[in-house]
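# Coordinates in review
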Amino acid sequence: MTQFTELKVKVCNSCNHQFTIKSHGHMLQVPIVESEKNINRMLNHLLAQSTTHDLRCSDCGTESYREQIQIKIPSNFLILHLQLWGKGANKQLVKNTNLQLNSLPSTDLAVDGIRYQLHAVLFHHGETAKQGHYTAIVRSGKKTILADDINVSSCRWPNGSAGAYMLFYINTGAKQSKVPQETGDLCSKLLLLKPRSKNEAPKVTKNQLVKDSTLQRAPRVTPVRVVDKPLSPEKPTALLLPAFINGDGVSCYANAILQCLLSSEPVRFNALICRK
């Protein structure tokens, strides 16, 4: 669902000896270029040819290579991980607060001939890696929805996409798989239950129980809910966006990532199919 192939093509600057390092990944690490304020140009910096000195040529012994990264066979869901953190003078992680991405929601990506559209963004709020808060903003048509743990509401896109940490893109040309009726029903049952307090056991009838022994043995697991108000009168189920309780004060990171993923129908479809 998120896998891609990364090719590092290396050419010796002295004898032109060439070889390729092939690897697979699920999240593309994108270094931040402060002079760039467009995600496409920032991605082009990563894929542009550069000079490295990390290997010795087996033919001539030179330690200087021209390197170019190529992304091949990307999946329908592409995740960009912005390298928001770097080491400061005291070797502590320091957040790059100068990041600014203009027109991020309306900027599409093209990777290996496939066009991607922004679906959701994970944001970090705070100055250090050891403290702060994570939220998610999900796009639904022309609307933007803020998911802040259990609080889900409409919002405006933040200026310059300040605090953007992970970007979730969807292939705009991919054919959407038809969700089987039983899978759709299961998804509805899971997402339409409202969260309850820790001391109140969820009241679930027999026909609402999922045929999964692990879920039946753990009735105290907090269910999730969707946005209270439909995003579109014509399509009341246009976006199934779960809301999660952050009971321990540190679950906001996992909550926000799940909200970015589970708000996508292809991801929900594949996740539920894998359970069967």
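These lines cover the structure that appears in this document, whether it is placed above or below.

The rules behind each value
Residues numbered from 1 in each chain as written. Predicted model: local features only at pLDDT ≥ 70, side-chain atom pairs only at ≥ 80, totals over all residues. Heavy atoms only, no water. Helix = DSSP H or I, 4+ residues; strand = E, 2+ residues; numbered from the N terminus. Buried < 20%, exposed > 50% of the residue type's maximum accessible area, 1.4 Å probe, protein only. Phe/Tyr/Trp six-rings, centres within 6.5 Å; stacked < 30°, edge-to-face > 60°. Pairing = 2+ DSSP bridges. Axes fitted to C-alpha atoms, helices over the stretch in contact; angles between N-to-C directions. Salt bridge = Lys/Arg side-chain N within 4 Å of Asp/Glu carboxyl O. Polar contact = N/O pair within 3.5 Å; in protein donor to acceptor, adjacent residues only side chain to side chain.

## Points about unusual backbone geometry
- For I73, which is not a glycine, the phi torsion comes out positive at approximately 50°.
- Inspection of the secondary structure puts I73 in the loop between strand 5 (65–72) and strand 6 (77–82).
- Classification of I73 by relative accessible area gives exposed; the value is 63%.

## Comments concerning the packing of aromatic side chains
- Here the structure, examined in full by the defined rule, presents five aromatic pairs.
- Ring centres of F123 and W157 lie 6.0 Å apart, and the angle between their planes is 70°; this geometry places the pair in the edge-to-face category. Taken as a pair, F123 in strand 10 (residues 114–125) and W157 in the loop between strand 13 (151–154) and strand 14 (164–171) lie far apart in primary sequence, 34 residues in all. Each member of the pair, F123 together with W157, is buried.

## A look at the sheet that holds strand 2 (residues 18–25)
- Strand order across the open sheet formed by four strands is 2-1-5-4, with antiparallel pairing between neighbours. The open sheet has two free edges, formed respectively by strand 2 and strand 4 (50–52), since each of these has just one partner strand. Averaged over all pairs of adjacent strands, the angle between strand axes in this sheet comes to 35°, irrespective of strand direction.
- Alignment of strand 1 (residues 4–12) against strand 5, held across eight bridges, turns out to be antiparallel.

## A closer look at the pattern of salt bridges
- Scanning all chains against the criterion turns up six salt bridges.
- Across the salt bridge formed by K10 and D54, the nearest N and O atoms sit 3.3 Å from each other. Here D54 lies in the loop between strand 4 and strand 5 and K10 lies in strand 1, a separation of 44 residues in the sequence.
- For D112, the salt bridge identified is with K72, shortest N-O distance 3.7 Å.

## Topic: the environment of S263
- With respect to the secondary-structure elements, S263 resides in the loop between helix 4 (252–262) and helix 5 (265–275).
- For S263, a relative accessible area of 6% gives the class buried.
- With 143 residues separating them along the chain, S263 and A120 place their C-alpha atoms 8.6 Å apart.
- A polar contact is formed between the side chain of S263 and the backbone oxygen of Q259, at a distance of 2.8 Å.

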